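# Understanding the architecture of this molecule
Below, each chain spelled out in residue letters.
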Amino acid sequence: MSQSDFDRLAARITACKICVERFAKTRTAHAPRPVFWGSATAPVLISGQAPGARVHESGIPFDDPSGDRLREWLGVNRDWFYDRTQFAIVPMAFCFPGYDAKGSDLPPPKICATTWHSEVFQAMPQVKLKVLVGGYALKHHLGMTGVTETVRAWRQFVPDTFVLPHPSWRNTSWLKKHPWFQEEVLPALRERVEEVLR
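I will try to describe carefully the structure that is included in this document. Every chain is numbered independently, its residues counted from 1 as its sequence is written. At least 70 in pLDDT is required for a residue's local features to be given in this predicted model, at least 80 for side-chain atom pairs to be given and counted, and no such filter applies to totals for whole chains, interfaces and linings, which use all residues. Only hydrogens and water are set aside; all other atoms, that is, all heavy atoms of the structure, feed into the side-chain values.

## Examining the pairing of strand 4 (residues 161-164)
Put simply, the test is: Only protein chains enter the calculation, and the probe is 1.4 Å; a residue is then buried if its accessible area is under 20% of its type maximum, exposed if over 50%, and partly exposed in between. Strands here are runs of E lasting at least two residues and helices are runs of H or I lasting at least four, both read from the DSSP assignment and numbered beginning at the N terminus. Two strands are said to pair when DSSP picks up at least two bridges between them.
Neither face of strand 4 is open: one carries Thr161 and Val163, the other Phe162 and Leu164, and all of them are buried. Sheet analysis places strand 3 (residues 129-133) next to strand 4, joined by 4 bridges and oriented parallel. Opposite Val131, over in strand 4, you have Phe162 as the bridge partner.

## Quick word on the pattern of salt bridges
Spelled out, the test is: In the sections that follow, a salt bridge refers to a side-chain nitrogen of Lys or Arg positioned within 4 Å of a carboxyl oxygen of Asp or Glu.
Going through the model one piece at a time under the given rule, you end up with 6 salt bridges. The closest approach of N and O atoms between Asp5 and Arg8, which form a salt bridge, is 2.2 Å. With Asp5 and Arg8 both in helix 1 (residues 3-14) and 3 residues apart, this pair spans about one turn of that helix. Overall, Asp5 belongs to the partly exposed group, its relative accessible area being 32%.

## Considerations on the packing of aromatic side chains
Under the convention used in this document: Within 6.5 Å between ring centres, the rings of Phe, Tyr and Trp (the latter by its six-membered ring) count as paired, and their orientation is classed by plane angle as stacked under 30 degrees, edge-to-face over 60, tilted in between. Only Lys NZ and Arg CZ are tested; either one counts as a charge over a ring when it is within 6 Å of the ring centre and within 35 degrees of the ring normal.
Taken as a whole, this structure holds 11 aromatic pairs when the rule is applied. A centroid spacing of 5.5 Å and a plane angle of 85 degrees characterise the contact between Phe36 and Phe94, whose relative ring orientation is edge-to-face. Here Phe36, found in the loop between helix 2 (20-24) and strand 1 (44-47), pairs with Phe94, found in the loop between strand 2 (87-89) and helix 6 (110-122); they are 58 residues apart in sequence, far enough to count as distant. Judged on exposure class, the residue Phe36 and its partner Phe94 are both buried. With a centroid separation of 5.5 Å and an interplanar angle of 70 degrees, the aromatic rings of Trp37 and Tyr82 are classed as edge-to-face. In this pair, Trp37 sits in the loop between helix 2 and strand 1 while Tyr82 sits in the loop between helix 5 (78-81) and strand 2, placing the two residues 45 residues apart along the sequence. Neither Trp37 nor Tyr82 differs from the other in exposure class; each is buried. Among the aromatic residues, ring-to-ring pairing joins Trp37, Phe62, Phe81, Tyr82 and Phe87 into one connected group. Looking at Arg71, its charged tip hangs above the ring of Phe81, at a distance of 5.1 Å from the centre.

## Quick notes on the environment of Lys139
Cut-off, in case you're wondering: Between two residues, a contact is recorded if the distance between any of their heavy atoms is within 4.5 Å.
Here Lys139 shows up in helix 7 (residues 135-142). Note: C-alpha distance between Lys139 and Thr150 (11 residues apart in sequence) is 9.7 Å. The contacts of Lys139, once residues within four sequence positions are left out, are Met144 and Thr145.

## Some details on the environment of Thr14
Keep this limit in mind: Polar contacts, as counted here, are pairs of nitrogen or oxygen atoms within 3.5 Å of one another; within protein the pair requires one atom able to donate a hydrogen and one able to accept it, and residues that are adjacent in sequence qualify only if both atoms are side-chain atoms.
With respect to the element layout, Thr14 can be found in helix 1. In this structure Thr14 comes out as partly exposed when scored by relative accessible area, which is 38%. The sequence separation of Thr14 and Cys95 amounts to 81 residues, and the corresponding C-alpha distance is 9.3 Å. In this view, Thr14 contacts Pro34 and Phe36; residues no more than four positions away in its chain are not counted. Of note is the side chain of Thr14, whose polar atom sits 3.1 Å from the backbone oxygen of Ala11.

## Considerations on the sheet that holds strand 4
Stated precisely, the cut-off is as follows: For every element, the axis is a line fit to its C-alpha atoms; helices are fit only across the contacting stretch, and the angle between N-to-C directions ranges from 0 to 180 degrees.
If you trace the 4 strands from one edge of the open sheet to the other, you get 2-1-3-4, paired in parallel fashion. Single-partner strands in this sheet number two, and they are strand 2 and strand 4. Neighbour-to-neighbour, the strand axes of the sheet open up by a mean angle of 15 degrees, direction not taken into account. For strand 1 and strand 3, the ladder comprises 4 bridges, and the chain directions are parallel. Bridging from a neighbouring strand, Ser47 pairs with Leu132 of strand 3.

This is the structure:
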């Protein structure tokens with residue numbers, strides 16, 4: 001796919017309003033704002049959950065403390081991470097799903113991936129490395145549940161795919177309980193990212 005064709009696909013995604021009624025019923029009662037980040041040349045694909053409230057405001061994926069931690073895990077700085085020719089970011093839903101009545105994040109609506117993912121992934125055959133971030137992405141791409149068990153089995157998926165927990169601050173205790181992640185997985189991830197982007 002040419003970059004101009006890819007740009008047309010991106011424009012269709014960013015104009016999507018399929019969840020307008022769904023989001024209007026959430027606690028945040030927000031309008032859709034799809035955040036799509038990619039190009040026809042990016043060799044690294046990051047697939048996570050969905051934009052949070054801060055990303056909904058900025059329009060920049062992983063523009064939050066989770067993004068800071070993810071970039072540290074990958075061994076790249078902000079400029080490199082936000083170079084669309086190097087990194088594509090395709091979450092389970094392109095929009096912030098909103099909060100429930102208790103103020104917790106709602107899950108990414110499945111209709112987003114059902115509507116767009118097939119076309120998006122077909123448009124990016126150049127991807128050499130998939131980085132799957134968090135339980136929703138692991139289940140969608142690999143059909144696997146249980147983040148700890150899946151990440152512990154990370155060697156089954158390399159070199160084309162790395163499986164990670166979500167980099168949220170909520171997972172700090174998980175990281176402390178599983179030191180092997182930082183000792184074994186992250187060095188291998190950084191080495192592979194450097195190799196792919198070289």
